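# Fold and geometry: a report
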Amino acid sequence: MPFIQITIVKGRPPEKKERLIREVSDLVSDVLEAPIQNVRVLINEVEPEHWGIAGESVKKRNEVST
C-alpha cells in the first residue's frame, strides 16, 4: 500500500489540497500499478514561522518580499 507524505506551508485553500491529493494518488497508482483504493496521501501543514529557508523563516521571507 503506497503511503505518500507531503509537507507544505500552511495557507493553501482546501480546493488546492483536494486537487493535490487526487493528482498525486492518480500518478502513484499509475506509476506503481497499484489500485487507487490502496494509495494513501497525508498532507502535513507547517506554520510559516516554523519553516526555514537559507537561515530565515518563510514568514520573515514573505514579509520582506511584500
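The coordinates are above.
As the structure is a computational prediction, the values presented were derived from the model and not from experiment.

### Comments concerning the overall build of the chain
From N to C terminus, the chain includes two helices and four strands. For the chain, the N- to C-terminal ordering of α and β elements is β-α-β-β-β-α. Its C-alpha radius of gyration of 15 Å places the chain more than 25% over the 11 Å reference for a compact globule of 66 residues. The dimensions of the chain, computed from C-alpha atoms along their principal axes, are 45 × 25 × 15 Å. For the chain, the residues scored as buried account for 23% of the 66 residues in total. Taking all contacts inside the chain whose residues are at least 6 apart in sequence as the whole, residues at least 24 apart take part in 62%. For the chain, the accessible area works out to roughly 5,100 Å², and carbon and sulfur atoms hold 52% of it. Between the centroid of the 10 positive side chains of the chain and the centroid of its 11 negative side chains there is a distance of 5 Å.

### Here's the deal with the pattern of salt bridges
Taken as a whole and judged by the stated rule, the model has three salt bridges. Here Glu 47 and Lys 10 are joined by a salt bridge, their closest N and O atoms 3.0 Å apart. Placement of Glu 47 in the loop between strand S2 (40-46) and strand S3 (52-53) and of Lys 10 in the loop between strand S1 (3-9) and helix H1 (14-32) is noted, with a sequence separation of 37 residues between them. The partly exposed category is assigned to Glu 47, whose relative accessible area is 29%. Here Lys 10 falls in the partly exposed class, since its relative accessible area comes to 44%. Glu 23 is the salt-bridge partner of Arg 19, the closest N and O atoms lying 2.7 Å from each other. With Arg 19 and Glu 23 both in helix H1, this residue pair falls four residues apart, about one helical turn.

About the cut-offs
Residues numbered from 1 in each chain as written. Predicted model: local features only at pLDDT ≥ 70, side-chain atom pairs only at ≥ 80, totals over all residues. Heavy atoms only, no water. Helix = DSSP H or I, 4+ residues; strand = E, 2+ residues; numbered from the N terminus. Rg over C-alpha atoms; globule rule 2.2 N^0.38 Å. Buried < 20%, exposed > 50% of the residue type's maximum accessible area, 1.4 Å probe, protein only. Contact = heavy atoms within 4.5 Å. Areas by Shrake-Rupley, 256 points an atom, 1.4 Å probe, with all protein chains shown as cover. Lys, Arg positive; Asp, Glu negative; His and termini not counted. Charge placed at Lys NZ, Arg CZ, Asp CG, Glu CD. Salt bridge = Lys/Arg side-chain N within 4 Å of Asp/Glu carboxyl O.

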